[in-house]
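Summary of the model geometry
Take a look at the letters that make up each chain.
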Amino acid sequence: MTDSSPHILMRSAQMHVVRPAEPVTATVVSNELCTAAGRKSAGFTRHIALDLTGTALAGACIPGQSLGVIPPGLDAQGRPHKLRLYSLASPTRGEDGHGHVHSVTVKRMIDEHLVHPGLFLGVASNYLCDRAPGDKVLVTGPSGKKFVLPQDVAAHDYVFFATGTGVAPFRGMLIDLLEAGCTSKVVLVLGAAYATDLLYHKWLEELAAKHPNFAYITAVSREGAQRAYVQDRLRTHEGVLGPLLASPRGLVYICGIAGMELGIFQHMARGLPEQVREQYLRVDAEVAGDVDNWQRAMIHRQIRPTRRVLMEVYA
Ligand SMILES: Cc1cc2nc3c(=O)[nH]c(=O)nc-3n(C[C@H](O)[C@H](O)[C@H](O)COP(=O)(O)OP(=O)(O)OC[C@H]3O[C@@H](n4cnc5c(N)ncnc54)[C@H](O)[C@@H]3O)c2cc1C
């Protein structure tokens, strides 16, 4: 079954202006924690602004795209480290108003290995989080052209689902939409394990207070009386999300931890009226009645998001 949903013209994005073989040097402008004080999890996430002035990346990036970062040194096999991707958190105008300073939202990867017991610190994320203003970083990109806003932003309303650092592209998109005076309805559903890990929380609350067309909804999964995952908000906030999804203007963006999309699709299948659900998901008859047993591997095979669903998920 092919996707017969209407084609949506997306913003055009420049790709691979700077390739990994010839990375350019960015200068760290600032590096700040973007989790709240008194964290309960061991997660540390930082908002890092990079000055790209004088490189081909200046003015070439839009929200939804990623920058590549090449950490210095060699991997366990003695080869130069591979680049890692980080979503841009900045709007098209950048942090500086000219598209020369762009930011990323980086979570320190911290792990404990069972085979060789000891603390493992992810190479690129910790390298980036340790950088101080003035430090140099090798960058490439931008990459990604599908997970971007549509060309005609006013023709759509938006539901953004984010977990963890998945909020990064939405920070940039929200600024692009709201600063330009776009009156479309925008809802961000942001999930985190603990309330202190809701990234950019205060800023998002302030943004929602300032813009009546923007609603900010949180879902905290491991504390509080009303523990919830982002997908639960389809049910608990049906009054806000239902009409938006039912409108032909609705677009759904999903960004964050790989696997989150399955939960959202299952909740869409269980909770949305059939004629609304099929605007976002086409489901093969043989799995349609067994939503509880849907697996991630079925996505794009038996469970196919339409063009009105845009996804960027990563491990
Ligand atoms: C499109 C895209 C966008 C992304 N955006 C963001 C973003 O906005 N923010 C963000 O924080 N991340 C983002 N990521 C993830 C990011 O690219 C990195 O994967 C992440 O930061 C971890 O990289 P690292 O170098 O710190 O960890 P790595 O060193 O690559 O380690 C990653 C994993 O491999 C395991 N591992 C590595 N070496 C060994 C070993 N020798 N033995 C056993 N296990 C090992 C580690 O335990 C760990 O689980 C994005 C990814 C993609 C694909």
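Starting from 1, residues in each chain are numbered consecutively following that chain's sequence as written. Local features in this predicted model are restricted to residues of pLDDT 70 or higher, and side-chain atom pairs are both shown and tallied only at a pLDDT of 80 or more, whereas totals for entire chains, interfaces and linings draw on every residue. As a rule here, side-chain values cover all heavy atoms of the structure and leave hydrogens and water aside.

1. A word on helix 6 (residues 260-271)
Comment: elements are numbered from the N terminus, with helices defined as DSSP H or I runs of at least four residues and strands as E runs of at least two. A helix is expected to span 1.5 Å multiplied by its residue count minus one. In a regular helix each residue adds 1.5 Å, so 12 residues correspond to 16 Å; helix 6 covers 17 Å between its end C-alpha atoms and thus fits that length. Among all positions in helix 6, only M260, E261, L262, G263, I264, F265, Q266 and M268 are buried. Each residue is assigned to one of three classes by its accessible area relative to the maximum for its type, calculated with a 1.4 Å probe on protein chains only: buried under 20%, partly exposed between the two thresholds, exposed over 50%.

2. A closer look at the sheet that holds strand 4 (residues 84-87)
Backbone hydrogen bonds hold the strands of a sheet together, and the pairing may be parallel or antiparallel. Should DSSP find at least two bridges between two strands, the strands are regarded as paired. Across the sheet, six strands lie side by side as 4-3-8-1-2-5; this open sheet has antiparallel pairing. In this open sheet, the two edge strands, each paired with only one partner strand, are strand 4 and strand 5 (101-107). Geometrically, the sheet is characterised by an average inter-axis angle of 45 degrees between neighbouring strands, direction not taken into account. Sheet topology places strand 1 (residues 24-33) next to strand 8 (residues 136-143); four bridges connect them, and they run antiparallel. In the strand pairing of strand 8, A26 is matched with V137. Axis geometry follows a simple rule: fit a line to the C-alpha atoms, using only the stretch in contact for helices, then measure angles between N-to-C directions, giving values from 0 to 180 degrees.

3. Regarding the state of the cysteines
The disulfide criterion used throughout: a pair of cysteine sulfur atoms within 2.5 Å. Taken as a whole and assessed by the stated rule, the structure comprises zero disulfides. For the unlinked cysteine C182, the closest cysteine sulfur is that of C255, found at 20 Å. No disulfide involves C255; its sulfur sits 14 Å from the nearest other cysteine sulfur, which is in C34. Residue classification places C255 among the buried positions, given a relative accessible area of 0%.

4. Considering unusual backbone geometry
Going from G141 to P142, the amide bond is cis rather than trans, its omega being -10 degrees. Of note, H16 is a non-glycine position whose phi angle comes to about 50 degrees, a positive value. The class of H16 is partly exposed, set by a relative accessible area of 35%. At Y200, a residue that is not glycine, the phi angle is positive and equals roughly 55 degrees.

5. Side note on the layout of surface pockets
Of the volumes computed, that of the largest pocket is approximately 1300 Å³. Elements with a minimum of two residues in the lining of the largest pocket: strand 4, strand 5, helix 1 (123-129), strand 10 (186-192), strand 12 (250-257), helix 6 and strand 15 (309-314). Among the elements that take part in the lining of the largest pocket, strand 4 stands out by supplying four residues, more than any other. Here the term charged refers only to Asp, Glu, Lys and Arg, the term nonpolar to Ala, Val, Leu, Ile, Met, Phe, Trp, Tyr, Cys and Pro, and the term polar to all other amino acids, Gly among them. Grouping the amino acids of the lining of the largest pocket by side-chain chemistry returns 21 nonpolar, 20 polar and six charged. Just so you know, the domain bounds were taken from an automatic or database domain assignment. Domain assignment of the residues forming the lining of the largest pocket places at least three in each of domain 1 (24-143) and domain 2 (153-314). A pocket, in this scheme, is an open set of points on a 1 Å grid over the protein atoms alone with protein on both sides within 12 Å along at least 5 of 7 lines, while a cavity is a set where a 1.4 Å probe fits but cannot get out; residues line either one if an atom lies within 4 Å of a point. Grid points are joined across faces, edges and corners, and a volume is the space filled by probe spheres set on the points. Approximately 340 Å³ is the volume attributed to the second largest pocket. The wall of the second largest pocket is formed by 15 residues, among which K146, F147, R307, V309 and L310 lie closest to the centre. Tallying contributions element by element places strand 15 first for the lining of the second largest pocket, with four residues. For the lining of the second largest pocket, the residue count by class is seven nonpolar, three polar and five charged.

6. Digging into the domain arrangement of the protein chain
Split by domain assignment, the protein chain resolves into domain 1 (24-143) and domain 2 (153-314). For domain 1 and domain 2, the distance between their C-alpha centroids amounts to 25 Å. Two parts placed together each lose some accessible area under a 1.4 Å probe, and the buried area is that loss summed for both. Interface area for domain 1 against domain 2, summed over the two sides, is near 1600 Å², with a carbon-plus-sulfur share of 52%. Just to be clear on terms, a salt bridge is a Lys or Arg side-chain nitrogen sitting within 4 Å of an Asp or Glu carboxyl oxygen. Applying the counting rule to domain 1 against domain 2 returns three salt bridges. In this structure, the salt-bridge partner of E95 is R171, at a minimum N-O distance of 2.8 Å. Residues adjacent in sequence count toward polar contacts only when both atoms are side-chain atoms; beyond that, a polar contact is any pair of N or O atoms within 3.5 Å, and within protein one must be able to donate a hydrogen and the other to accept it. Joining domain 1 to domain 2, the criterion identifies 10 residue pairs in polar contact (both at pLDDT 80 or more). When residues of the side of domain 1 that touches domain 2 are traced back to their parent elements, those giving at least two are strand 2 (45-51) and strand 5. By residue number, the principal contributor to the side of domain 1 that touches domain 2 is strand 5, which donates four residues.

7. A closer look at the nonpolar core
Proteins that are soluble and globular tend to have nonpolar side chains buried together. Definition of nonpolar core: a set of buried residues of the types Ala, Val, Leu, Ile, Met, Phe, Trp, Tyr and Cys, connected through side-chain atoms within 4.5 Å. Counting residues in each nonpolar core, the largest one holds 36 residues, and the members touching the most others are F160, F170, L174, L188, L204, F214 and Y253. Only strand 9 (157-163), helix 2 (168-179), strand 10, helix 3 (201-210), strand 11 (214-220) and strand 12 provide two or more residues apiece to this core. Here, residues are in contact when the closest pair of their heavy atoms is within 4.5 Å. For F160, the contacting residues outside a window of four places in its chain are L149, F170, M173, L174, L177, V186, V187, L188, V189 and Y253. Core analysis: the second largest hydrophobic core is formed by 31 residues, V159, F265, L272 and V291 among them.

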